[in-house]
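# Coordinates in review
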Amino acid sequence: MTGLLVVTAVPAEADAIRAGLTDPTVTVAPVGVGPAVAGAATARLLALAEAAGKPYRAVVSAGIAGGFVGRAPVGGTVLANRSVAADLGAESPAGFIPLEELGMPPELLGGGSAVPADPGLLAALRTALPEATVGAVLTVSTVTGTAASTAALADRHPDAVAEAMEGYGVAVAATHAGLPFAELRTVSNPIGPRDRGSWRMREAFAALTAAAAALR
Ligand SMILES: O=C(O)c1cccc(C(=O)CC[C@H]2O[C@@H](n3cnc4c(=O)[nH]cnc43)[C@H](O)[C@@H]2O)c1
């Protein structure tokens, strides 16, 4: 059995995490942006490790995120109690319909559109990161960039603290491998009307380095 697998979207996030790691058994791998590529690449890493007789013992999706204003501040750290596929479903004139309400056979829905964090892993991360905000982290395929879509998302998910683009995909890969999963994010930008000037990448990467000691 090998240690924890931490997957990020991009190499800069992986570097920020490696800079703060204290546990040499932790593996950090950038797997790409978005739930599909991140999920597929994570599943491959897990399968290869298993085939080599050195399975990982848990998976963490980590990186930067947008924070809902008033729920998670820029520069802060967030732990997901569940990772939610926020745009998996159907639009209708009456609003968004989540996957579970589309009338499909349950066996086609996998674990559904939200994967809860492993309770033991989340508890350990919360203890190591007492300042972290805990709540749902949304996985979106499109970075939210208008006031209207921000308000709709915040209304639909009153428990959501942040959005990113990989957590749910990685969670599905971990679940299929029978492994505990958690999502850790640091906030680079407020979710809202697109304003690249408001992104604080350096702050978020520094927060990732500070949080990395909790990954063990
Ligand atoms: O919007 C852009 O112009 C842009 C340009 C270069 C890079 C990026 C990103 O890396 C953003 C996506 C990346 O970071 C996570 N992330 C960070 N903030 C958010 C957000 O507000 N909404 C969704 N995802 C966010 C995400 O997990 C990706 O890996 C953007």
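Residues numbered from 1 in each chain as written. Predicted model: local features only at pLDDT ≥ 70, side-chain atom pairs only at ≥ 80, totals over all residues. Heavy atoms only, no water.

The name an unreviewed UniProt entry gives the protein is Futalosine hydrolase, with Micromonospora halotolerans as the organism. Recorded under Pathway (unreviewed entry), the UniProt text for the protein is reproduced unchanged: "Quinol/quinone metabolism; menaquinone biosynthesis." What UniProt records for the protein under Catalytic activity (unreviewed entry) is the sentence "futalosine + H2O = dehypoxanthine futalosine + hypoxanthine". (UniProt positions renumbered as here; feature names shortened; annotations may be inferred.)

## Considerations on the pairing of strand S10 (residues 181-190)
Here S10 lies mainly inside the structure; nine of its ten residues are buried. In the sheet, strand S3 (residues 58-67) pairs with S10 via nine bridges, with the strands oriented parallel. When the sheet's bridge partners are listed, glycine 66 is paired in S10 with asparagine 189. Pairing of strand S4 (residues 77-85) with S10, which is carried by three bridges, proceeds in the antiparallel orientation. Across the sheet, the residue bridging to threonine 77 is threonine 186, located in S10. (Buried < 20%, exposed > 50% of the residue type's maximum accessible area, 1.4 Å probe, protein only. Helix = DSSP H or I, 4+ residues; strand = E, 2+ residues; numbered from the N terminus. Pairing = 2+ DSSP bridges.)

## Details of helix H4 (residues 147-156)
All buried positions along H4 are accounted for by Thr150, Leu153 and Ala154. Viewed along the axis of H4, the buried residues span an arc of 100°, placing them on a single side of the element. When the buried face of H4 is taken as reference, the exposed residues oriented beyond 90 degrees from it are Ala148 and Asp155. On its buried face, H4 sits against strand S8 (133-139) and strand S9 (160-164). (Arc of directions from axis to C-beta. Contact = heavy atoms within 4.5 Å.)

## Examining the pattern of salt bridges
Scanning the entire structure with this criterion turns up four salt bridges. Here aspartate 15 and arginine 18 are joined by a salt bridge, their closest N and O atoms 3.1 Å apart. Taken as a pair, aspartate 15 and arginine 18 lie in helix H1 (residues 11-18) at a separation of three residues, close to a single helical turn. Classification of aspartate 15 by relative accessible area gives partly exposed; the value is 47%. Here arginine 18 falls in the partly exposed class, since its relative accessible area comes to 39%. What emerges from the salt-bridge pattern is a single network uniting Glu166, Glu183 and Arg185. (Salt bridge = Lys/Arg side-chain N within 4 Å of Asp/Glu carboxyl O.)

## A look at the environment of alanine 9
Position of alanine 9 among the secondary structure elements: in the loop between strand S1 (4-8) and H1. Among residues more than four places away in sequence, those in contact with alanine 9 are Pro30, Val31, Gly32, Val33, Ala62 and Glu166.

## Comments concerning the pairing of S4
Burial analysis of S4 places seven of its nine residues in the buried class, the great majority of the element. Both S4 and S8 contribute to a ladder of seven bridges, which runs parallel. By the bridge assignment, valine 84 is partnered in S8 with leucine 138.

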